[in-house]
Amino acid sequence: MKRFLMGNEAIALGAIHAGVHLACGYPGTPSTEILETVARENDGGIYVEWSVNEKAALEVAAGASYAGARTLVTMKQVGLNVAADPLMSLAYVGVKGGMVIVVADDPGPISSQTEQDTRHFARFSKLPVFDPSSPEEAYEMVKDAFDLSEKYETPVLLRPTTRVCHGCVSMELGNPLPRRPVEGFIKDPKWVIFPALSYRNHLRIEERNPRLGDELSAYRFNTISNKNTTGKKGIATGGISWAYVREALGDAEVKLFRVATPHPFPEKLALEFLDGLDEVMVFEELDPVIERELVYLCGKHRLNVAIRGKLTGDVQKAGENSVESVKAVLHKYLGLPAPKTPPSLPGLPVRPPVLCAGCPHRGSFYAVKQAMKGRKAVFAGDIGCYTLGNAQPLDMVDTCLCMGADVTIAQGLAHVQPGVKHFAFIGDSTFFASGLTGVVNAVYNGSDITLVVLDNATTAMTGQQEHPGTGKTLMGKPAPKLSIPGILKALGVEEVVTAEPFDLEKAVAAVQKAADSPGVSAVVFESPCIAVRKPDPVLAVDENTCVGCKKCIRELGCPAISLGGKKAQIEPSLCYGCALCAQVCPVKAIGKGAENA
Amino acid sequence: MSSIILAGVGGQGTVLASKLIAQAAMNRGQSVRTAETIGMAQRGGCVVSHVRIGAEIFSPMVPKGGADVLIGFEPAEAVRSLGYLREDGVVVVSSKAVKPVTASLTGSDYDGSQALAYLKENVNKLIVVDAGKIAASCGSVKVLNTALLGAAAASGLLGLTIGDLENAVRERVNARFVEMNLKALAAGKLAAGAE
């Protein structure tokens, strides 16, 4: 029977059907649903965890793979930066049980800090990488990746992109393999990385990869279509761009090379493709990886083929490809019909993403803003929903770099601009993932900063995942609930105050108290995300009392409040009853709906 | 082969609506591909769901000028996605505007009427329904999505009948909300017929 599956679900089922024993990762768009699906579809025989971060996940999986278990690790592309340390060494040490590391890239970027390309990471770490063009392929490739991993005793990367991860398709699934028993860890010097071992393994890997490239030349998803066409112009592509190219080409018969394993590059097949061509246009997202490989091959084999793409300025260098963007290039390259020019549209309201109505972060940011009124202060932010605190009118995020950087950036600022107050905002999940070492650094080095932990009791941005502070694991089991104030105190932060962000007066007082204590101080705002709590009774504006001053709109930027005529109005379907607006209103015109109706 | 675009604002239920269409098409033995906006943009930003039905489809995204039906969950979002519509395609749009926070802040007067006027001027086959009101009368503003699906099915261009969508609702919607969604489908269909 066909199932309607998201790419990420297909990847998860691929791993389950390949007999995976252990799956772990850290949430990150567009990868999150993979691990959630493994947990949901688990027959009870798979160990699944949200690890505290990507480095921990990769190391947990490495241990299990040493013992012979099949392991799956999931993360988004920037997560691989965090896991780079174990990855680089593990590439030398290798594994016993198959290990597939799924790293989701995000062309656009749609929900990420960077447009980095994991295919480079594959080359850098010398690991094989699979690049699926569709959810169906991703499902098949997970199984192929496990087999390859065990055959060569190496971790293998699978790199889907957003449109594969979040594309859904009606698809047929194969038969699950039984999970084989785990052999167990066998002591051997090969598991201990030492310079002499690294030297030997480096040679071994360099000798292996060209062989692997030849083997992959015969891989069923590395393909050449229209092999016998006499045209002198070819197209090379990979990943989701293959789908765009297929669609843009229509019935046109052009020699088409699809690269499903960008590293090690299938050289033999590439040479077969290049044979007889004068020109090649390369369509790929993020970096010109296939393009450079082809340029290299032409140089190596002295082929007179012009390779065009991003490097030659023919294809856009950043952002997503689309059927239209490919059509526009093919119009010039092959004389195919130009894409239709879209109609010119009238001015439309812009909709930048905003904090939800009832979001506790709004209260926290507003309290800090009020407490620091008239004082010179810098607000270092971090990755999560609360990055949206930078939007007007809150305007409370001055920097955002990478996971955990708020704590440390604030320290750097504080060391060089005394007299300015420095705040660091961090969410609960980010705090556990990579905030702790920054706090230790601040305490040890005597920094003068105030840390604000926005504890909404979930990993909100990626869709409410558990973490060490929620008291539950991904497998639904109760877990010790780590106390953030307790951790901060244990790390040596002397002034730690907790506050409820929707009690404005007390929240402001708490911030002032922490801000006025020298050294490292902290405010922990505790209030759950609206996605994990029930709404309070909605509020309404009493039209007779409202003077139309717009203070609620100007100061809070709540999506539930707008101006109806000259008075403020609250959209009941959006209001969560947080009552922050009622506390901001200077004439007390906002109250519980029933009283004011 | 048919392509459908669902355009709205994060939180309006475009993702469930696209799943219902997909399920209904699958039940008819058709192949389906969809693409969704998931992530940061969901927080009150513009969201577009792409649904493509048929065997010879590669891209999950509808090409510009390739949509048979554009379902606008909000007037300005329908206009924003108009480039996806094929020349003789149909637009089904909810007349209720969702005001962006920025509009309230800058004092912009966006209330949807400007966008509706633009649609009336530029779209031959336009069905405007007061989906917000229909949904509320069915018991919850949350069923705005199924009300719009009912109206879209009534246009005949979805390639699906109300019966197909009803079955999909029974399969994919939480049992507690099935009745409400079925009511919204029927009310949406009725409203489109009255247009």
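Any chance you could explain the overall build of chain A here in plain terms?
From N to C terminus, chain A includes 21 helices and 22 strands. At 27 Å, chain A has a C-alpha radius of gyration in line with the 25 Å of a compact globule built from 597 residues. Here the C-alpha coordinates of chain A stretch approximately 80 × 65 × 55 Å along the principal axes. Looking at chain A as a whole, 58% of its 597 residues qualify as buried. Summed over all atoms, the accessible surface of chain A reaches about 23800 Å², with 55% contributed by carbon and sulfur. Side chains of chain A give 61 positive and 65 negative charges; the mean places of these two sets differ by 1 Å.

Can you walk me through the packing of aromatic side chains in this structure?
Each aromatic ring pair is specified by the distance between its two centres and by the angle formed by the two planes. All told, the structure shown has 13 aromatic pairs over all chains when counted by the stated rule. With a centroid separation of 5.6 Å and 75 degrees between ring planes, the pair formed by Tyr219 of chain A and Phe221 of chain A is classed as edge-to-face. Overall, the relative accessible area of 11% leaves Tyr219 of chain A in the buried class. Residue Phe221 of chain A is classed as buried on the basis of its relative accessible area, which comes to 13%. Aromatic side chains Trp242 of chain A and Phe58 of chain B sit 5.6 Å apart centroid to centroid with 85 degrees between the ring planes, which places their arrangement in the edge-to-face category. You can see Trp242 of chain A sitting in helix H10 (residues 240-249) and its partner Phe58 of chain B sitting in the loop between strand E3 (46-53) and strand E4 (67-72), one on each of two chains. One aromatic cluster is present, formed by Phe365, Phe379, Phe423 and Phe425 of chain A through successive ring pairs. Over the face of the ring belonging to Phe423 of chain A we find Lys421 of chain A, whose NZ or CZ atom lies 5.9 Å from the ring centre.

Got a minute to help me understand the interface of chain B and chain A in this structure?
Bring the parts together and some accessible area is lost; that lost area is often taken as the interface size. Listed as interface residues are 47 residues of chain B and, on the opposing side, 55 residues of chain A. Taken together, both faces of the contact between chain B and chain A bury some 4300 Å²; the carbon and sulfur share is 62%. The tally of links from chain B across to chain A stands at five salt bridges. Linking Glu571 of chain A and Lys96 of chain B is a salt bridge whose minimum nitrogen-to-oxygen distance equals 3.8 Å. The interface formed by chain B and chain A contains 13 residue pairs in polar contact (both at pLDDT 80 or more). Counting only elements with at least two residues in the side of chain B that touches chain A, the list comes to helix H1 (14-27), strand E2 (32-35), E3, helix H2 (75-80) and helix H3 (101-106) of chain B. For the side of chain B that touches chain A, the per-class residue count stands at 24 nonpolar, eleven polar and twelve charged.

Teacher, can you tell me more about the pattern of salt bridges here?
Side chains that differ in charge, positive against negative, can pair when their charged atoms come close. Residues and elements named next belong to chain A. Taken as a whole and assessed by the stated rule, the structure comprises 39 salt bridges over all chains. Between Lys96 and Glu183 there is a salt bridge, with its nearest N and O atoms 2.7 Å apart. Within this pair, whereas Lys96 is found in the loop between helix H5 (84-93) and strand E5 (99-104), its partner Glu183 is found in the loop between strand E8 (167-171) and helix H9 (195-217), the two being separated by 87 residues in sequence. Assessed through its relative accessible area of 58%, Glu183 is described here as exposed. Arg533 is the salt-bridge partner of Asp536, the closest N and O atoms lying 3.4 Å from each other. Owing to a relative accessible area of 36%, Asp536 belongs among the partly exposed residues under this scheme. For Arg533, a relative accessible area of 17% corresponds to the buried category.

Mind showing me how you'd approach the sheet that holds strand E15 (residues 421-427) of chain A here?
The strands making up a sheet associate through backbone hydrogen bonding, with each pair oriented either parallel or antiparallel. All names here are of chain A. Pairing in this open sheet of five strands is parallel, and the strands run E14-E15-E16-E18-E17 from one edge to the other. A single partner strand is all that each edge strand has here, and the edge strands are strand E14 (377-380) and strand E17 (495-499). Between one strand axis and the next, the sheet turns by 20 degrees as a mean value, whatever way the strands run. Inspection of the sheet shows strand E16 (residues 450-455) paired to strand E18 (residues 521-526) by six bridges, in the parallel sense.

Just checking my understanding: could you explain the nonpolar core for this structure?
One recurring pattern in soluble globular proteins is that nonpolar side chains are buried together. All names here are of chain A. Of all hydrophobic cores here, the largest spans 74 residues; its most connected members are Val368, Phe431, Leu451, Leu488 and Phe525. Tallying contributions element by element places helix H18 (residues 504-516) first for this core, with seven residues. In this structure, this core is formed jointly by two domains, domain 3 (360-531) and domain 4 (539-596), each of which donates at least three residues. Residues within four places of Val368 in sequence aside, it is in contact with Phe379, Met396, Phe423, Phe425, Val452, Val511 and Phe525. Counting 61 residues, the second largest nonpolar core, distinct from the first, contains Ala12, Trp50, Ile240 and Val329.

Help me understand helix H3 (residues 54-66) of chain A in this model?
Think of an α-helix as 3.6 residues a turn; residues three or four steps apart then line up on the same face. All names here are of chain A. The end-to-end C-alpha distance of H3 is 18 Å, a good match for the 18 Å that 13 residues give at a rise of 1.5 Å each. The secondary structure elements touched by the buried residues of H3 are strand E2 (22-25), strand E4 (71-76), helix H4 (77-82), H5 and E5. Looking at the residues trailing H3, positive phi occurs at Gly68, about 105 degrees.

Help me out: how do you make sense of unusual backbone geometry in this one?
One can expect most non-glycine residues to show negative phi and most peptide bonds to be in trans. Residues and elements named next belong to chain A. Residues Thr29 and Pro30 are joined by a peptide bond in cis, for which omega reads 10 degrees. Considering the arrangement of structural elements, one finds Pro30 in the loop between E2 and helix H2 (33-41). Geometrically, the link from Gly108 to Pro109 is a cis peptide bond, its omega value of -25 degrees lying close to zero. Mapping Pro109 onto the fold places it in the loop between E5 and helix H6 (118-125). Of note in the backbone geometry, Glu153 takes a positive phi value of approximately 50 degrees without being a glycine.

I'm lost on the sheet that holds strand E1 (residues 2-9) of chain B in this one. Help?
The eight strands lie next to each other as E1(A)-E8(A)-E2(B)-E3(B)-E1(B)-E4(B)-E5(B)-E6(B), forming an open sheet whose pairing is mixed. One side of each edge strand has no neighbouring strand; the edge strands of this open sheet are strand E1 (3-6) of chain A together with strand E6 (125-129) of chain B. Across this sheet, the average inter-strand angle for adjacent strands is 15 degrees, counted without regard to direction. In the packing of helix H6 (residues 144-154) of chain B onto the sheet, contacts are made with E4, strand E5 (85-94) and E6 of chain B, and the angle to E5 of chain B comes to roughly 135 degrees.

Whenever I open this one, the side chain of Asn145 of chain B confuses me. Can you help?
Residue and element names in this part refer to chain B. Relative to the elements of secondary structure, Asn145 occurs in helix H6. Separated by 3.0 Å, the side chain of Asn145 and the backbone oxygen of Gly13 make a polar contact. With residues near it in sequence (within four places) discarded, Asn145 still touches Gln12, Gly13, Leu16, Ala17, Phe73 and Asn181.

What is the right way to look at the pairing of strand E12 (residues 279-283) of chain A in this model?
Consecutive side chains of a regular strand alternate in pointing toward one face of the sheet and then the other. Residue and element names in this part refer to chain A. With five of its five residues buried, E12 lies for the most part within the structure. The side-chain alternation of E12 yields two buried faces, one formed by Glu279, Met281 and Phe283 and the other by Val280 and Val282. Where strand E10 (residues 233-237) meets E12, five bridges bridge the pair, whose relative direction is parallel. Pairing of Ile235 across the sheet is with Met281, part of E12. One ladder, built from three bridges, connects E12 with strand E13 (residues 306-308); its direction is parallel. Looking across to E13, one finds that Val280 is bridged to Ile307. You can see the chain leave E12, run along helix H12 (residues 289-300) and come back into E13, and the turn it takes is right-handed.

Quick notes on the rules
- Residues numbered from 1 in each chain as written.
- Chains lettered and ligands numbered in written order.
- Predicted model: local features only at pLDDT ≥ 70, side-chain atom pairs only at ≥ 80, totals over all residues.
- Heavy atoms only, no water.
- Helix = DSSP H or I, 4+ residues; strand = E, 2+ residues; numbered from the N terminus.
- Rg over C-alpha atoms; globule rule 2.2 N^0.38 Å.
- Buried < 20%, exposed > 50% of the residue type's maximum accessible area, 1.4 Å probe, protein only.
- Areas by Shrake-Rupley, 256 points an atom, 1.4 Å probe, with all protein chains shown as cover.
- Lys, Arg positive; Asp, Glu negative; His and termini not counted.
- Charge placed at Lys NZ, Arg CZ, Asp CG, Glu CD.
- Phe/Tyr/Trp six-rings, centres within 6.5 Å; stacked < 30°, edge-to-face > 60°.
- Lys NZ or Arg CZ within 6 Å of the ring centre and 35° of its normal.
- Contact = heavy atoms within 4.5 Å.
- Buried area = accessible area lost by both parts, 1.4 Å probe.
- Salt bridge = Lys/Arg side-chain N within 4 Å of Asp/Glu carboxyl O.
- Polar contact = N/O pair within 3.5 Å; in protein donor to acceptor, adjacent residues only side chain to side chain.
- Nonpolar A, V, L, I, M, F, W, Y, C, P; charged D, E, K, R; others polar.
- Pairing = 2+ DSSP bridges.
- Axes fitted to C-alpha atoms, helices over the stretch in contact; angles between N-to-C directions.
- Core = buried A, V, L, I, M, F, W, Y, C linked by side-chain atoms within 4.5 Å.
- Domains from an automatic or database assignment.
- Expected span 1.5 Å × (residues − 1).
- Right-handed = clockwise from strand over helix to strand, strands pointing away.

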